[in-house]
Amino acid sequence: MSDRKTRMLEDKYLRDSARALLEADIQHLKTDFAQKSIGTRIIDRAKEGAIDLYEEAIDVAEDNKGALAALVAAIVVWFARNPILSIFGFGPEAEEGDEEGDGWDLRDEPAEHFGR
């Protein structure tokens with residue numbers, strides 16, 4: 001056999017084996033999609049991602065307990081800022097004009113402003 005003919009037969013066998021692998025992969029995908037819908041797969045993938053993210057957050061939190069405590073303290077102070085400021089004489093409750101109101105009372109508005 002000539003060198004060209006041998007090479008052509010090797011290439012043909014390679015092509016046939018690659019085609020058989022591709023057809024097997026396609027058949028595997030068809031079987032796999034028949035068992036689970038695409039929507040179910042998306043939900044499963046999202047759950048896996050959320051679980052991975054949660055585990056990573058737990059690891060980071062365990063490694064940085066001081067930073068996490070500072071973050072929680074900052075959030076608590078942020079939500080309690082008005083009462084804290086009023087203790088020191090600052091903030092909205094300590095202002096003189098706040099008790100009288102700022103002049104905006106919807107009961108005093110004429111009816112034409114409300115489309116009546």
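The rules behind the values
Residues numbered from 1 in each chain as written. Predicted model: local features only at pLDDT ≥ 70, side-chain atom pairs only at ≥ 80, totals over all residues. Heavy atoms only, no water. Patch = residues over 30% accessible without salt bridge, like charges linked within 9 Å, V, L, I, M, F, W, Y side chains within 5 Å. Areas by Shrake-Rupley, 256 points an atom, 1.4 Å probe, with all protein chains shown as cover. Salt bridge = Lys/Arg side-chain N within 4 Å of Asp/Glu carboxyl O. Lys, Arg positive; Asp, Glu negative; His and termini not counted. Charge placed at Lys NZ, Arg CZ, Asp CG, Glu CD. Helix = DSSP H or I, 4+ residues; strand = E, 2+ residues; numbered from the N terminus. Phe/Tyr/Trp six-rings, centres within 6.5 Å; stacked < 30°, edge-to-face > 60°. Lys NZ or Arg CZ within 6 Å of the ring centre and 35° of its normal. Buried < 20%, exposed > 50% of the residue type's maximum accessible area, 1.4 Å probe, protein only.

## Concerning a negative patch on the surface
There is a patch of like negative charges on the surface, built from Glu48, Asp52, Glu55, Glu56, Asp59, Glu62 and Asp63. With respect to the element layout, aspartate 52 can be found in helix α2 (residues 38-63).

## A closer look at the packing of aromatic side chains
Inspection of the entire model under this criterion finds zero aromatic pairs. Its end group placed over the ring of tryptophan 78, arginine 81 keeps NZ or CZ at 4.0 Å from the ring centre.

## Some thoughts on a nonpolar patch on the surface
A surface patch of nonpolar side chains, about 740 Å² in accessible area, is lined by Leu68, Leu71, Val72, Ile75, Val76, Trp78 and Phe79. With respect to the helices, strands and loops of the structure, leucine 68 is situated in helix α3 (residues 65-79). Take leucine 68: its relative accessible area is 39%, and that puts it in the partly exposed class.

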